[in-house]
Amino acid sequence: KVIRCIETVDPAMVRAGVPLYILSGKIARKGFKVLLCGEGADETFAGYRLFEKFHPSLTRDCDEFEAELERRLRNIDTSELQRVDRCTSAHGLEARVPFLDPGAPPFLRVEIRK
């Protein structure tokens with residue numbers, strides 16, 4: 001069901017999609033229509049494990065670090081946000097992403113530079 005829903009067999013997308021799909025079903029059965037999710041937070045706070053290689057004790061290359069954050073943010077609509085939208089809407093839910101909201105407090109907001 002999840003693979004059909006997210007329309008990919010990419011292992012990382014499926015691994016993240018399975019719990020989201022199941023949880024979305026449980027939330028919908030409780031009568032909720034809207035939920036908040038944390039997409040954009042890892043890009044804001046460099047929360048992905050792959051960012052460990054940019055730790056100050058290992059590198060001083062801030063340009064590479066910023067480029068990777070920006071790349072992930074520019075592609076978030078075809079990866080994380082797409083998975084969230086498909087898994088939640090499959091159960092009649094609408095997901096909101098406060099970390100990507102332009103009205104969020106500046107310390108929480110991720111800005112996409114063109």
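I will try to describe carefully the structure that is included in this document.

Notes on the layout of surface pockets
- Approximately 270 Å³ is the volume attributed to the largest pocket.
- Lining the largest pocket are 14 residues, and of these Ala12, Ala16, Tyr48, Glu80 and Arg83 sit closest to its centre.
- When residues of the lining of the largest pocket are traced back to their parent elements, those giving at least two are helix H2 (11-29), helix H3 (41-45) and helix H5 (80-89).
- In terms of residue count, H2 provides more of the lining of the largest pocket than any other element does, four residues in total.
- Each residue belonging to the lining of the largest pocket can be placed in one class, and the counts come to four nonpolar, three polar and seven charged.

Looking at the side chain of Thr88
- Locating Thr88 in the fold gives a position in helix H5.
- Leaving out residues up to four positions away in the same chain, Thr88 has contacts with Leu20, Ser24, Leu35, Leu93 and Ala95.

Here's the deal with H5
- All of the buried residues along H5 are Glu80, Arg83, Val84, Cys87 and Thr88. Projected down its long axis, H5 carries its buried residues within an arc of 115°, all on one side.
- Contacts made by the buried residues of H5 are with helix H1 (2-6), H2, strand S1 (34-36), H3, helix H4 (62-74) and strand S2 (94-96).

Cut-offs applied
Residues numbered from 1 in each chain as written. Predicted model: local features only at pLDDT ≥ 70, side-chain atom pairs only at ≥ 80, totals over all residues. Heavy atoms only, no water. 1 Å grid on protein atoms, 1.4 Å probe; cavity = no way out; pocket = protein on both sides within 12 Å on 5 of 7 lines; lining within 4 Å. Points joined across faces, edges and corners; volume = space filled by probe spheres on them. Helix = DSSP H or I, 4+ residues; strand = E, 2+ residues; numbered from the N terminus. Nonpolar A, V, L, I, M, F, W, Y, C, P; charged D, E, K, R; others polar. Contact = heavy atoms within 4.5 Å. Buried < 20%, exposed > 50% of the residue type's maximum accessible area, 1.4 Å probe, protein only. Arc of directions from axis to C-beta.

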